[in-house]
Amino acid sequence: MGTPQQQAATAIANLLGRVGRFAVIVGVGGGVAQTSLYTVDGGERAVMYDRIRGVLDQPVGEGTHFRVPWLQTPNIMDIRTRPRTISSVTGTKDLQMVNISLRVLSKPDTHLLSQIFRSLGIDWDERVLPSIGNEILKAVVAQYNAEQLLTQRDRVSRAVRDSLTARAKEFNIMVDDIAITHLSFGTEFTKAVEAKQVAQQDAERARFVVLKADQERKAAVIRAEGESESARLISEATKVAGPGLIELRRIEAAKDIASSLSKSGNVMYLPGSGSNMLLGINPGK
């Protein structure tokens, strides 16, 4: 027995001891609970690794789940479609170098996530897509000429898509879409294309000149045939009508000449005995 002050101090010490033990228990329990729970967000799956059984075949879906601490480790994998750009410099069928870029939309096969994790790990797209993408691009581009890559782009894209889809399926990867985003050739090929276009324009210009000359030749032939026919008709009319027709033509020509000269201020008509004279007058003198 002690004094009342000593008894109160002892009671307080016992109470603090019990509170401390309870806090330790609560802290340990909270830590165990925290390490025993994990969350899988939307668009993700968890592949569970068990230290006794290995990688479990069934992936874990979205939500909060329980695991055995230290014994089980969840590996979160993204199953959403993700884009990746693959670039390659390769040669065409006619030995032209081409720089081509491919945009691939892919995702893992959800039912085979455990196999993907075993063989490729979490970064499956980084390990597989660049290598098989370059392989497929080189194989497909080598089957086409440089001109065909430009004029048959849809056909090339379809061939790349079919080959890459089949190749990615071997790694349990699903390809949703493939598109050629960039296609360029070397400077030599670009210069050759420009020279070809200039040659085509020159050929079109030469063809136009030939057609124009041919049309002019045909017009000259038709004109000559008309003049010949006119001369023939005049000759026949002369035989029938005698010199009167020639005299009529001469008069008509003289009238036309006189009409033209009468409109000019530089010409004067001088009457004379037995002959007429037309003089040119320069007003400036």
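All values derive from a computational prediction rather than experimental measurement. (Residues numbered from 1 in each chain as written. Predicted model: local features only at pLDDT ≥ 70, side-chain atom pairs only at ≥ 80, totals over all residues. Heavy atoms only, no water.)

S.K.: How would you summarise the nonpolar core if you had to cite specific residues and measurements?
M.R.: Of all hydrophobic cores here, the largest spans 35 residues; its most connected members are Leu 102, Leu 149 and Val 160. For this core, the secondary-structure elements that each account for two or more residues are β7 (97–108), α2 (113–119), α3 (124–141), α4 (146–151), α5 (153–169) and β8 (173–185). With eight residues, α3 is the single largest residue contributor to this core. Contacts of Leu 149, omitting those with residues within four sequence positions, involve Thr 92, Val 98, Val 141, Tyr 144, Val 156, Leu 183 and Phe 185. Core analysis: the next-biggest nonpolar cluster, separate from the first, contains five residues, Tyr 38, Ala 46, Met 48 and Val 60 among them. (Core = buried A, V, L, I, M, F, W, Y, C linked by side-chain atoms within 4.5 Å. Buried < 20%, exposed > 50% of the residue type's maximum accessible area, 1.4 Å probe, protein only. Helix = DSSP H or I, 4+ residues; strand = E, 2+ residues; numbered from the N terminus. Contact = heavy atoms within 4.5 Å.)

S.K.: Any details on the packing of aromatic side chains? Residues and values, ideally.
M.R.: The description of an aromatic ring pair rests on the distance of the ring centres and on the angle between the ring planes. A full pass over the atoms with the stated rule returns zero aromatic pairs. Over the face of the ring belonging to Trp 70 we find Arg 51, whose NZ or CZ atom lies 4.8 Å from the ring centre. (Phe/Tyr/Trp six-rings, centres within 6.5 Å; stacked < 30°, edge-to-face > 60°. Lys NZ or Arg CZ within 6 Å of the ring centre and 35° of its normal.)

S.K.: An account of the sheet that holds β8 is requested, with residue identities and associated values reported.
M.R.: The three strands lie next to each other as β6-β7-β8, forming an open sheet whose pairing is antiparallel. Among the strands making up the open sheet, the edge pair consists of β6 (82–91) and β8. With direction set aside, neighbouring strand axes in the sheet form an average angle of 20°. Of the strands in this sheet, β7 and β8 are in contact with α5, which crosses β8 at around 140°. (Pairing = 2+ DSSP bridges. Axes fitted to C-alpha atoms, helices over the stretch in contact; angles between N-to-C directions.)

S.K.: Requested: an account of a nonpolar patch on the surface, with residues and values cited.
M.R.: Among the surface-exposed residues, Leu 37, Phe 66 and Val 68 lie close enough to one another that they form a single nonpolar patch of about 290 Å² accessible area. Looking at the secondary structure, you find Leu 37 in strand β1 (residues 37–40). Judged by relative accessible area, which is 47%, Leu 37 ranks as partly exposed. (Patch = residues over 30% accessible without salt bridge, like charges linked within 9 Å, V, L, I, M, F, W, Y side chains within 5 Å. Areas by Shrake-Rupley, 256 points an atom, 1.4 Å probe, with all protein chains shown as cover. Salt bridge = Lys/Arg side-chain N within 4 Å of Asp/Glu carboxyl O.)

S.K.: Which residues make up the environment of Ser 101, and what are the values?
M.R.: Along the polypeptide, Ser 101 turns up in strand β7. Ser 101 gets classed as buried once you look at its relative accessible area, which sits at 9%. Through-space distance from the C-alpha of Ser 101 to that of Ile 86 is 5.6 Å; in sequence the pair is 15 residues apart. When neighbours within four sequence positions are excluded, Ser 101 is seen to be in contact with Thr 85, Ile 86, Ser 87, Ala 179, Ile 180, Thr 181 and His 182.

S.K.: Account for unusual backbone geometry, with residues named and values stated.
M.R.: Despite not being glycine, Leu 95 shows a phi value in the positive range, around 65°. Its location among the elements puts Leu 95 in the loop between β6 and β7. One non-glycine residue, Asn 172, lies in positive phi territory at about 65°. For Asn 172, a relative accessible area of 18% gives the class buried.

S.K.: Report on the pairing of β7, specifying residues and quantitative values.
M.R.: In the sheet, β6 pairs with β7 via 10 bridges, with the strands oriented antiparallel. The partner of Arg 84 across the bridge, within β7, is Val 104. Pairing between β7 and β8: 11 bridges, direction antiparallel. Bridging from a neighbouring strand, Arg 103 pairs with Ala 179 of β8.

S.K.: Please give an account of α5 that cites residues and values.
M.R.: With 17 residues, α5 extends 24 Å from end C-alpha to end C-alpha; this agrees with the ideal 24 Å at 1.5 Å per step. Residues of α5 that are buried include every one of Val 156, Ser 157, Val 160, Leu 164 and Ala 168, and no others. One side of α5 carries all its buried residues, which in axial view fall inside an arc of 95°. Facing away from the buried side of α5 by over 90 degrees, the exposed positions are Asp 154 and Lys 169. Elements in contact with the buried residues of α5: β7, α3, α4 and β8. (Expected span 1.5 Å × (residues − 1). Arc of directions from axis to C-beta.)

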